Every structure is written in structure tokens, then in C-alpha cells.
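Residue-level structure breakdown
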Amino acid sequence: SDSKRLEIQSLCLESLSKIKIGTGPEEKQNGKDFYKYFFTNYPDLRVYFKGAEKYTADDVQKSERFEKQGQRILLAMHLTARVYADEMVFDSYIQETINRHRQFKMEPALWMAFWTVWTGFLATKITLDERHKNAWMTLGQDFAKAANKHLKLLGLPTA
Ligand code: HEM
């Protein structure tokens, strides 16, 4: 329902309030920290990042590519949470995200698995209680559902 989605949206936004993005040193570090966490804990997923398949946390720390990419992914998380209650915009944003990832030939199950990575990362930055974690996982389920619907429409493998 609308009120349920609004509640989830506000919990997600609350948990993001300390995950600042922008051009300052702390903001840029937040983005690098996401990929340091990602590549350290899910090294198999580095395969999608051409040229960075062997990157360690140290390599990410020194990388301009991941400084930029870190901002992109964190901005995407802020936007995803921000539009969640508007199903039309949420679904369209997901469709666009799927289109832009098509070139990477990702395993379709990753559209759900991502949210375990994401909440794991969040828990390194803030105290993530069950309520807030569950809010993100519900958003993630809806994300994966919309992603699968779009993959099907494109004639691509679904999860
Ligand atoms: C870019 C992989 C999930 C948003 C990329 C790139 C790769 C990638 C390989 C290119 C970056 C580079 O090589 O330097 C993945 C994988 C995912 C995942 C493996 C799941 C495990 C997501 C999700 C979102 C997202 C859930 C957003 C909701 C972006 C954005 C970019 C990007 C905004 C920048 C390029 C663009 O906007 O087209 N991703 N991605 N990704 N990804 Fe993902």
C-alpha cells in the first residue's frame, strides 16, 4: 500500500542520513568505502568490473575510477530510496538501471543479492537495526521484482 511504501521510504532515508555524498573528502571516502567493502567481501563479483578483477581494498583506495563510481552508486542508493514510494518512478528508474547494466551480462539473481551487500556495507557505517535493515530488504525485493519483469520484457534471463 501507499502508506507502507512511505514508511519503508522514510526508514531507508533515515539510515542514509549519515551516508553523505558530494565532492568533499569525507563524501568521496564514503563511496570508496562501499567498493572496498564490496570487493573484500564478495571478491567473485569483481569479475564484472573490467580491469579491476583483482582489485584489493588498497587498490580501490588509490583509484580515481572507484572514487567516481563510489559516488555514482551512493547517489543511486539515495535516489532509489527517495523515489521508492512513487512506484511509477521507482519502476522506471530500475528499468533504466537494468538497461545500463545490460552490457555487463550480470547473473540475474544479483539484482536481489545486491541488497545483502548493501545492507552489509551500511552496517559498517551506522548501527543498522532490524527495522531499518528489513526496510531495505523489502525495497530490495521490490527492486528485484521490477528488475525481473524488465529482464523478461527484454527477453533476457530472469532469476
Ligand atoms: C555501474 C556492476 C548493482 C547502479 C556499474 C558497473 C558495473 C556494475 C560493472 C561499471 C562500473 C565500472 O566498471 O567502473 C554491478 C553489479 C551489481 C550492480 C555486479 C550487483 C551486484 C547496481 C544497482 C544499482 C547500480 C542495484 C542502482 C540501483 C550503477 C550506476 C553505475 C553502475 C549508477 C554507473 C554507470 C551508469 O549509471 O550507467 N555497475 N552493479 N548498480 N551501477 Fe551497477
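Residues numbered from 1 in each chain as written. Predicted model: local features only at pLDDT ≥ 70, side-chain atom pairs only at ≥ 80, totals over all residues. Heavy atoms only, no water.

This part covers unusual backbone geometry. Notably, K105 is not glycine yet its phi reads approximately 50°, a positive angle. Note on placement: K105 falls in the loop between α5 (87-101) and α6 (110-125). When its relative accessible area of 72% is taken as the criterion, K105 is described as exposed. (Helix = DSSP H or I, 4+ residues; strand = E, 2+ residues; numbered from the N terminus. Buried < 20%, exposed > 50% of the residue type's maximum accessible area, 1.4 Å probe, protein only.)

Attention now goes to the coordination of the iron atom of the ligand. For the iron atom of the ligand, the sole protein-derived donor is H101 (NE2), lying 2.1 Å away. Within the secondary structure, H101 is located in helix α5. (Donors = N, O, S within 2.8 Å, 3.2 Å for Na, K, Ca; no water.)

A separate point is the packing of helix α4 (residues 64-83) against α6. At their nearest, the axes of α4 and α6 sit 13 Å apart, and the two run at 100° to each other. In terms of orientation, α4 lies roughly perpendicular with respect to α6. Between α4, through I73, L74, M77 and T80, and α6, the contact on the second element is made entirely by F114, W115, W118 and F121. A per-class count over the contact of α4 with α6 returns seven nonpolar, one polar and no charged. (Axes fitted to C-alpha atoms, helices over the stretch in contact; angles between N-to-C directions. Parallel < 35°, antiparallel > 145°, perpendicular 65-115°, else oblique. Contact = heavy atoms within 4.5 Å. Nonpolar A, V, L, I, M, F, W, Y, C, P; charged D, E, K, R; others polar.)

What follows covers the confidence of the model for the protein. Confidence in the prediction of the protein, expressed as mean pLDDT, is 98, and 100% of residues score 70 or more. Among the prediction metrics, the complex's ipTM stands at 0.98, with pTM recorded as 0.98. (pLDDT = per-residue confidence, 0-100.)

Let us look at the packing of aromatic side chains. All chains considered together, the criterion is met by 24 aromatic pairs. Ring geometry for F34 and W118: centres 6.0 Å apart, planes at 45°, overall tilted. Here F34, found in helix α2 (residues 25-41), pairs with W118, found in helix α6; they are 84 residues apart in sequence, far enough to count as distant. Each member of the pair, F34 as well as W118, carries the same accessibility label: buried. Measuring from ring centre to ring centre gives 5.7 Å for W118 and F121, while their planes differ by 40°; the resulting arrangement is tilted. Taken as a pair, W118 and F121 lie in helix α6 at a separation of three residues, close to a single helical turn. By relative accessible area, which is 1% here, F121 ends up buried. (Phe/Tyr/Trp six-rings, centres within 6.5 Å; stacked < 30°, edge-to-face > 60°.)

Quick look at a nonpolar patch on the surface now. Taken together, the side chains of I21, L75 and L79 define a hydrophobic patch exposed on the protein surface, amounting to about 210 Å² of accessible area. Within the element layout of this structure, L75 appears in helix α4. (Patch = residues over 30% accessible without salt bridge, like charges linked within 9 Å, V, L, I, M, F, W, Y side chains within 5 Å. Areas by Shrake-Rupley, 256 points an atom, 1.4 Å probe, with all protein chains shown as cover. Salt bridge = Lys/Arg side-chain N within 4 Å of Asp/Glu carboxyl O.)

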